[in-house]
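# Structural features, examined
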Amino acid sequence: MAPVDRSTTAAIILAGGTSQRMGTDKLALTLEGRSLLQRAVDAAQRVSDQVLVAGPSREGLGRSVGFVAEDPPLGGPLAGLAAALAVLPPKVDQVLVLAADLAHPDETVDLLTDPLPNPGEPPLDGAALVDAEGFTQFLAARYLRRPLAALVGTPEHARNRGVHRALQPLRLRLIPAPTSAVADLDTPEQAREAGVYDTL
């Protein structure tokens, strides 16, 4: 897969969940002085001039960050991804996809933006991290826009569909990742273990 060109790469941060398991707005929780969502945005802006948050609009992330939400809301991450893909400008040919609740998105982005050249490698649709148990992390990945959009479909088609089942046909470079690069924060216990500052 080609190296990242920030002018033709967009970053989509999936932030449309309800934080039900956390019991509070997890994306507002603070780690090392920044909210989880701000950390994801900052990591994405290292490699892209076009950062789009798929979720409700929020203050304080900077004027350069865009927002889009599936309609109706709460259709799942694939619906959020579809809504974001639908509004990207035509020049975008690669898409970085990040879950907004990653504990260490900088590590995630570092692994995904390394071109990892392999002269014998067949054509690929993207690259995704793989956790220690061998599970592909489709929300910690970098994709070619066209094959991704073809599988995701319209927001209506994507609503309440599972990400893994929908994206499984993609031909991906699978990058083994340390736990820190794929850890997401869903529960108070996970937040405390990561060192998140909160009052849970």
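Our structure's up above, just so we're on the same page.
Please read all numbers here as calculations on a predicted model, not as lab measurements. (Residues numbered from 1 in each chain as written. Predicted model: local features only at pLDDT ≥ 70, side-chain atom pairs only at ≥ 80, totals over all residues. Heavy atoms only, no water.)

### Considering the packing of helix 2 (residues 77–86) against helix 4 (residues 145–152)
Contact pair helix 2 / helix 4: the axes reach a minimum separation of 10 Å and the direction vectors enclose 130°. Comparing the axis directions of helix 2 and helix 4 gives the class oblique. With respect to the hand of their crossing, helix 2 and helix 4 are arranged in left-handed fashion. Residue-level inspection shows Leu78, Leu81, Ala82 and Leu85 of helix 2 in contact with helix 4, the latter providing Arg145, Leu148, Ala149 and Val152. Looking at side-chain class alone, the contact of helix 2 with helix 4 contains seven nonpolar, no polar and one charged residues. (Axes fitted to C-alpha atoms, helices over the stretch in contact; angles between N-to-C directions. Helix = DSSP H or I, 4+ residues; strand = E, 2+ residues; numbered from the N terminus. Parallel < 35°, antiparallel > 145°, perpendicular 65-115°, else oblique. Left-handed = near helix turned anticlockwise from the far one by under 90°. Contact = heavy atoms within 4.5 Å. Nonpolar A, V, L, I, M, F, W, Y, C, P; charged D, E, K, R; others polar.)

### Observations regarding the side chain of Arg39
Within the element layout of this structure, Arg39 appears in helix 1 (residues 36–45). You can call Arg39 buried: its relative accessible area is 4%. (Buried < 20%, exposed > 50% of the residue type's maximum accessible area, 1.4 Å probe, protein only.)

### Observations concerning the environment of Ala83
You can see Ala83 is positioned in helix 2. Measuring from C-alpha to C-alpha, the distance between Ala83 and Ala158 comes to 9.1 Å, with 75 residues separating the pair along the chain.

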